[in-house]
Structures are given as structure tokens and as C-alpha cells.
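Each chain, letter by letter, is given below.
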Amino acid sequence: MKKPRNATILTALLAAASLALSGCGGGGSVDFASSPDWSEAVYNLSWDPPDSFVDGTPLIPTSDLDHYEIYLRKDPNFSDEDVEVAQVAAAAQKLSVQDFALDNLLHLTNGTGSYYVAVRAVGVNGMKSEFSDPAEWSL
Amino acid sequence: MTSVRCALSGVVLLSALLLASVASAETYQLSWDPVTQYTDGSAIEDGKTVMYTVYWTTDSTLASGLKTLASSITTSSTTFDPAVEGMTSGTVVYFTAKTVLSTGEESVLSDPYPWTVSKTKPNPPGKMRIKKIK
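This write-up is about the structure you can find in this document. (Residues numbered from 1 in each chain as written. Chains lettered and ligands numbered in written order. Predicted model: local features only at pLDDT ≥ 70, side-chain atom pairs only at ≥ 80, totals over all residues. Heavy atoms only, no water.)

**What about the interface of chain A and chain B?**
Then comes step 1: Between chain A and chain B, the residue contacts involve 37 residues of the former and 20 residues of the latter.
Then comes step 2: Counting the contacts that link chain A with chain B gives three salt bridges.
Then comes step 3: Asp48(A) serves as the salt-bridge partner of Lys127(B), at 4.0 Å between the closest nitrogen and oxygen.
Then comes step 4: For the pair chain A and chain B, the interface holds nine residue pairs in polar contact (both at pLDDT 80 or more).
Then comes step 5: Looking at the side of chain A that touches chain B, the elements that each hand over two or more residues are strand 2 (43-48), strand 3 (65-73), strand 8 (114-123) and strand 9 (135-138) of chain A.
Then comes step 6: Taken together, the residues that form the side of chain A that touches chain B break down as 20 nonpolar, eight polar and nine charged.
Then comes step 7: Pairing of strand 2 of chain A with strand 8 (residues 126-132) of chain B, which is carried by five bridges, proceeds in the antiparallel orientation. By the bridge assignment, Asn44(A) is partnered in strand 8 of chain B with Lys131(B). (Contact = heavy atoms within 4.5 Å. Salt bridge = Lys/Arg side-chain N within 4 Å of Asp/Glu carboxyl O. Polar contact = N/O pair within 3.5 Å; in protein donor to acceptor, adjacent residues only side chain to side chain. Helix = DSSP H or I, 4+ residues; strand = E, 2+ residues; numbered from the N terminus. Nonpolar A, V, L, I, M, F, W, Y, C, P; charged D, E, K, R; others polar. Pairing = 2+ DSSP bridges.)

In C-alpha cells form, the structure reads like this:
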């Protein structure tokens, strides 16, 4: 079984991420001078792509999905008010993309504590899925 | 009952202006121009209530499979949920409507209005996991 390619970041919405985090108690600013050494840690987020639409129609991720949206919060209470911090193409070279290097988001954290990550699938018709179950990211 | 006379002119417009637009994530609105005249151009008399019965089918000829979307409504629009109506995502369905007056006269069916049933939203990704590699 082939391993899916690592996710390609299409857009890192850094300003939006800072806004989102500051709005949920995460603190918008990061003190880089006191940040830990992240050079050794590699955090990888992965998920199973959906295989159906909510009406039960089968879904083919490589053709029916456009991209995934990555969300980050200090708590697991994701809502439609949240703004994605990154987008990942749903397919690369005809292969399903289903992981993302969280290291790309480290600069949005304080480097310690717990964060929560959720993903939404966005169809080629523009319809967004609900949030995935949040995954706890312990730094 | 004279059905021919009540093949209202507005029904012709209906086929051109029947619109399906997203009212919410899963609900769509179908709308049309209100009918105010008979086919001969004369105005529908005051005191007569103009109503519409709306159907959908997968048969482009409208000859079979008509399912009622709304019955005898007085508004010139209606909302629907494709999943609730049993429409299959990605397929083409055809809307049609007829005008019904409170006095019983009815128009013929409007020309079919084709619409591709939008696929609903995807289910969310599952089995989220985070792995620290180093």
C-alpha cells in the first residue's frame, strides 16, 4: 500500500490564525525569544478522507473533494466562527492527500501546552463538511 | 371547468424564470413570475385567488413520474430539500408547475425547467491522529 504524499500547503492564513487564536484564549502573539527548540520535533496530522456525502452518495476524495481546511484552537470547541489556518489540496498527482505537517503551525502556538486541530473537507461544489473530531496536539 | 382558457400566459414566463437558488446549506428555493393573466392576455379577475402546484420529475418530457413539490400554494416560490424529496445527487431533475385558480380553472404544465441536483456536503474526515515523528 502506497503511503500518501505529504500535504501541500496551499495557503497559510497566518493573520486569520492569529485572530482566531486570540479570540479563543490562545493568545495571539508568540514570544519567539522564549520559544522552545522545535527543530527536532516533527508533528504529523493525518486523517481518513470521507467516502460519502451526508446523503449517502459515495464520494471519491480525489475527484469530489477540492481541499481540506485545517483549524487550530486552544480548546476543542470548533464552530463556524473559526477561520482556517491552512488549506491542503485534497489530491496531489491523483493521489489522495490525507496528512499535514503540523510543524507548519508551530509558529501559531506558544510552544507548550495543548492545542486542538480539526479538519473540514470541502467538496468541488464548494460545500464544506462539518468539523472532524478534534485531535489534541500536545506540545 | 375550462382548462384551456386558463393556460395562463404567465406560465410561459415561468419556464424561463424558474430559479433554483441555495437558501441554506441543504435547502433550495424555486421561484417563478406570478401569473396575472389568462392566455388571451386578459387579466385574472379580482376575487380569484391564483395558486400554483409544483412538480418535479426525472422525465424531461414530463410524461411520467411527476412528484408534487408544493400543492395549491399562493406564493410564487417554494423551498425544497433535495434529499427529503428523494432527488439523487448529481442527476438532472425537471421542475414544472401549473396555475390553479380558486374557481377551479387550471393551466397546462409549464415547460420543464432542468436542474442538476447538487451534491450535498461531504461527511467530515475521520480518525484524526497526530504523530510525533522525532
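Past the structure itself, the notes keep going.
**Some words on the nonpolar core**
Then comes step 1: Core analysis: the largest hydrophobic core is formed by 27 residues, its most contacted members being Leu45(A), Ile70(A), Leu105(A) and Trp137(A).
Then comes step 2: Elements that contribute at least two residues to this core include exactly strand 2, strand 3, strand 4 (86-89), strand 8 and strand 9 of chain A.
Then comes step 3: Among all residues touching Ile70(A), those that are not within four sequence positions of it are Leu45(A), Trp47(A), Glu84(A), Val85(A), Ala86(A), Val88(A), Phe100(A), Leu105(A), Val117(A), Ala118(A) and Val119(A).
Then comes step 4: Counting residues in hydrophobic clusters, the runner-up holds 22 residues, among them Tyr28(B), Leu30(B), Ala97(B) and Val117(B). (Core = buried A, V, L, I, M, F, W, Y, C linked by side-chain atoms within 4.5 Å. Buried < 20%, exposed > 50% of the residue type's maximum accessible area, 1.4 Å probe, protein only.)

**Remarks on the sheet that holds strand 7 (residues 113-116) of chain B**
Across a sheet, paired strands are connected by hydrogen bonds in the backbone, their directions being either parallel or antiparallel.
All names here are of chain B.
Then comes step 1: The sheet built from four strands is open, its strands ordered 4-3-6-7 with antiparallel pairing. For this open sheet the edge positions go to strand 4 (67-73) and strand 7, each flanked by a neighbour on one side alone. Adjacent strand axes in the sheet meet at a mean angle of 20°, parallel and antiparallel pairs treated alike.
Then comes step 2: Relative to strand 6 (residues 92-101), strand 3 (residues 50-57) runs antiparallel, the two being bridged by eight bridges. (Axes fitted to C-alpha atoms, helices over the stretch in contact; angles between N-to-C directions.)

**Description of the sheet that holds strand 8 of chain B**
Then comes step 1: Strand order in the open sheet made by the three strands is 7(A)-2(A)-8(B), with antiparallel pairing throughout. The strands lining the two open edges of the sheet, one partner per strand, are strand 7 (99-101) of chain A together with strand 8 of chain B. Ignoring strand direction, the axes of neighbouring strands in this sheet form an average angle of 15°.

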